[in-house]
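Understanding the architecture of this molecule
Residue strings, one per chain:
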Amino acid sequence: MIEGIKKIGDYEWELPIGFVEGMHVPGRFFLSEKLTGTLEEGALHQLANVATMPGIIRNSLAMPDIHWGYGFPIGGVAAFEYESGVISPGGVGFDINCGVRLLTTPLTPGDLIKKKEILDALYDAVPVGVGARSSLRFSEKQLETMMTEGTAFAVGEGFGNKDDILHCEEQGGMKGAEPAFVSKKARSRGVPQCGTLGAGNHFLEIQVAQEIYDEPAAKAYGLEKGQICMMVHCGSRGLGHQVCTDHLQILEQATRKYHINLPDKQLACAPLTSPEGKAYYGGMAAAANYAWANRQIITHQIRSVLTRLCGIAYDDIRLVYDVAHNVAKIEEHDVDGKRTKVCVHRKGATRAFGPDCQDVPPDYAHIGQPVIIPGSMGSSSYLLKGTDVAMDRTFGSTCHGAGRVLSRSQAKKKLQGKTIRETLGRSGIMIKAPHDGAIAEEAPDAYKSSSEVVSVVHNLGISRLVARLEPLGVIKG
Ligand code: 5GP
Ligand code: MN
Ligand code: MN
């Protein structure tokens, strides 16, 4: 183990104040003994660095999918007191509101005789790759509404139904979005890319619900054993990336202006109440809404393909839920017995609000919000539920995936895309990607064990298992 770390529970470790100079609070991370081999010293330093930022409350936190990221570690959660704290693009990530949604269908594996045809049609309907462009062209004015309304805009344009809006975090539209803080350049990247998946880690997957752990929760979420599901992972494409790039520049200057001492330039930030901090928040929320509209349009494309090829009804393809895993949000949490307004940064972390919390859809309120945790193209993904424990301990947050163990370049050097495609094919998982190199970077071996990561958050109680989903067909960007 890395020097200076204290084990304080079965799945809990502490980075004491002093691990790096200037920490206001200790760092905490959640991990099993089994996963300690995946720990990167660099990511732990990042976790400690976050603890030096003004206004941080309680702990700088990391989930078991922790790995190195820009400024903040991926898997990181940090809450800042609204009046004295800061907001930082490094705590959100370049892909603003990268997130995941889960759809159920009335199909079972037996209905997938035409799996290849379905995958091919999905691949045609949802453009993939780095600069993928959509055949849809929204006007500047429509883009503006999209950035203000998110999912509701897409549904209003005919890309879904009213239930879809209810079943998104924030109802698919963050309040406080200010398109005025989204640059011309960001907009020009956003228009042609709306309705596209993007590259690399983003995916569209056909899955089967293989195991149900919590019947009442699965029932409330509308999921049954043996059901075919679709999972979508993507974000705000070039628009969000550009919003991050633009505001980083402004916030680097603001860091100096407000005399904020940081151990790493990548943590550039500004007070939440400052004009610079508010501008980033407004731009980020606009990009988040674009991402929700994007996932909604992709959902429509999936529905169109499945209704055409499988003869099922559009509205019988139901959205279970849509979560953001790269975002900063203004929320209220109990801190030392006091209701406190905070800004929670979740960077590669998922909100996991428990029963009866604000923003959990009415039909799920007695259970808690659905938490969607993807694994990899060759391993299990999971559906969990949010808990009161998460509200008490992690500002209502949990992990967002398995988390990487190999960087893209390491994976590409070590692993062979063609071999992986063939091996997965033999176990019934069909992969479709622009080229085999894209498969190597995203190989199951490039990620931690999803079952191990999920068992940590389940055993800690910061989210609880509902169902296990297995991949049958994967489209990779
Ligand atoms: P990120 O947003 O950090 O890029 O990725 C989120 C998580 O998605 C990763 O940590 C990984 O566990 C998971 N993941 C990456 N590729 C795939 C895939 O092709 N299929 C599934 N089901 N999960 C994936
Ligand atoms: Mn992303
Ligand atoms: Mn993501």
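Residues numbered from 1 in each chain as written. Chains lettered and ligands numbered in written order. Predicted model: local features only at pLDDT ≥ 70, side-chain atom pairs only at ≥ 80, totals over all residues. Heavy atoms only, no water.

On to helix α9 (residues 275-310). Between its first and last C-alpha, α9 extends 52 Å over 36 residues, near the 52 Å set by a 1.5 Å rise per residue. Summarising burial for α9: 30 of the 36 residues are buried, a large majority. With its phi angle positive at about 65°, G311 sits one or two positions after the end of α9. (Helix = DSSP H or I, 4+ residues; strand = E, 2+ residues; numbered from the N terminus. Expected span 1.5 Å × (residues − 1). Buried < 20%, exposed > 50% of the residue type's maximum accessible area, 1.4 Å probe, protein only.)

Let us look at the coordination of the manganese ion (ligand 3). Each protein donor to the manganese ion (ligand 3) is listed here as C98 (SG), H233 (NE2) and H325 (NE2); together their distances run 2.1 to 2.3 Å. Distance-wise, the manganese ion (ligand 2) is placed 3.6 Å from the manganese ion (ligand 3), both being coordinated by C98. With a gap of 135 residues between them, C98 in the loop between β6 (86-87) and β7 (99-104) and H233 in strand β9 (residues 228-234) connect regions that are remote in the sequence. Note on accessibility: C98 and H233 belong to one class, buried. (Donors = N, O, S within 2.8 Å, 3.2 Å for Na, K, Ca; no water.)

Where helix α6 (residues 184-193) contacts helix α8 (residues 237-257), the two axes come as close as 6 Å, and the packing angle between them is 165°. Judged by the inter-axis angle, α6 sits roughly antiparallel to α8. Along this stretch, α6 crosses α8, giving a crossing that reads as left-handed. Along the contact surface, α6 presents K185, A186, R187, R189, G190 and Q193, while α8 presents R237, G238, L239, H241, Q242 and V243. Here the residues of the contact of α6 with α8 are counted per class, giving three nonpolar, five polar and four charged. (Axes fitted to C-alpha atoms, helices over the stretch in contact; angles between N-to-C directions. Parallel < 35°, antiparallel > 145°, perpendicular 65-115°, else oblique. Left-handed = near helix turned anticlockwise from the far one by under 90°. Contact = heavy atoms within 4.5 Å. Nonpolar A, V, L, I, M, F, W, Y, C, P; charged D, E, K, R; others polar.)

A few words now on helix α12 (residues 417-426). Among all positions of α12, only G417, I420 and L424 are buried. An end-on view of α12 places all buried positions within 60° of arc, on one side of the element. Lining the buried residues of α12 we find β18 (430-432) and α13 (436-441). (Arc of directions from axis to C-beta.)

This paragraph deals with the UniProt feature "binding site: Mn(2+) 2" (unreviewed entry) in the protein. UniProt tags H233 and H325 as "binding site: Mn(2+) 2" (unreviewed entry). Spanning 93 residues, the named residues nonetheless gather at one spot, since no C-alpha pair among them exceeds 10.2 Å. When only the residues just named are considered, the largest pocket is lined by H233 and H325. Judged by relative accessible area, H233 falls into the buried class, the value being 7%. In this structure the side chain of H233 is engaged in a polar contact, spanning 3.1 Å, whose partner is the backbone oxygen of N201. (UniProt positions renumbered as here; feature names shortened; annotations may be inferred. 1 Å grid on protein atoms, 1.4 Å probe; cavity = no way out; pocket = protein on both sides within 12 Å on 5 of 7 lines; lining within 4 Å. Polar contact = N/O pair within 3.5 Å; in protein donor to acceptor, adjacent residues only side chain to side chain.)

Quick look at the side chain of Q46 now. Tracing the backbone shows Q46 in helix α1 (residues 41-50). For Q46, a relative accessible area of 3% gives the class buried. A polar side-chain atom of Q46 sits 2.5 Å from the main-chain carbonyl oxygen of G69.

Attention now goes to the pattern of salt bridges. Applying the stated criterion across every chain, the model contains 31 salt bridges. In this structure, E170 engages K329 in a salt bridge whose closest nitrogen and oxygen atoms are separated by 3.3 Å. Here the residue E170 occupies a position in the loop between α5 (162-166) and α6, and K329 occupies one in strand β12 (residues 326-335), the gap between them amounting to 159 residues. Judged by relative accessible area, K329 falls into the buried class, the value being 2%. Ionic pairing is found between R408 and E442, a salt bridge with its closest N-O pair at 3.2 Å. Of this pair, R408 sits in helix α11 (residues 408-414) while E442 sits in the loop between α13 and α14 (450-460), and the two are 34 residues apart along the sequence. Using a relative accessible area of 1% as the deciding quantity, one classes E442 as buried. (Salt bridge = Lys/Arg side-chain N within 4 Å of Asp/Glu carboxyl O.)

The next thing to look at is the coordination of the manganese ion (ligand 2). Four donors placed tetrahedrally about a metal ideally form angles of 109.5 degrees, and six donors placed octahedrally ideally form angles of 90 or 180 degrees. In the first shell of the manganese ion (ligand 2), the protein supplies D95 (OD), C98 (SG) and H202 (NE2), at 2.1 to 2.3 Å from the metal. Mapped onto the polypeptide sequence, the residues donating to the manganese ion (ligand 2) form the spacing pattern D-x2-C-x103-H.

So, on to the nonpolar core. F29, F80, L197, L204, L239 and I302 are the most contacted members of the largest nonpolar core, which has 123 residues in total. Among the elements that make up this core, the one with the highest residue count is α9 (16 residues). In this structure, V323, L406, A411 and A433 belong to the second largest nonpolar core, which totals 41 residues. (Core = buried A, V, L, I, M, F, W, Y, C linked by side-chain atoms within 4.5 Å.)

To continue, consider the layout of surface pockets. Unfilled space is identified by rolling a water-sized probe across the atoms. Computed from the structure, the largest pocket encloses a volume of approximately 1200 Å³. Around the largest pocket sit 49 residues that line it, and I74, D95, N201, H202 and R408 are the ones nearest its centre. Among the secondary structure elements, those contributing two or more residues to the lining of the largest pocket are α6, β8 (203-212), α8 and α11. Sort the elements by how many residues they give to the lining of the largest pocket and α8 lands first, with three residues. The volume enclosed by the second largest pocket comes to roughly 660 Å³. Forming the walls of the second largest pocket are 23 residues, and the residues nearest its centre are E170, I330, E331, E332 and Q358. Going through the elements one at a time, β12, β13 (338-347) and α10 (388-393) are the ones with two or more residues in the lining of the second largest pocket. (Points joined across faces, edges and corners; volume = space filled by probe spheres on them.)

Turning to the site of ligand 1, a few remarks are in order. Of all residues adjacent to ligand 1, which total 18 residues, the nearest are N201, E205, G375, H400 and A402. Contact between ligand 1 and A402: an oxygen atom at 2.7 Å from a main-chain N or O atom of the residue. One nitrogen or oxygen atom from the side chain of E442 is found 3.4 Å from a nitrogen atom belonging to ligand 1. The fraction of the free accessible surface of ligand 1 (520 Å²) that becomes covered by protein chains is 94%. Of all the cavities here, the one that holds ligand 1 is the largest pocket. Of all the secondary structure elements, the ones that give two or more residues to the shell around ligand 1 are β8 and β19 (464-476). A per-class count over the shell around ligand 1 returns six nonpolar, nine polar and three charged. (Near = heavy atom within 4 Å. Areas by Shrake-Rupley, 256 points an atom, 1.4 Å probe, with all protein chains shown as cover. Sits in = over half its atoms within 2 Å of the grid points.)

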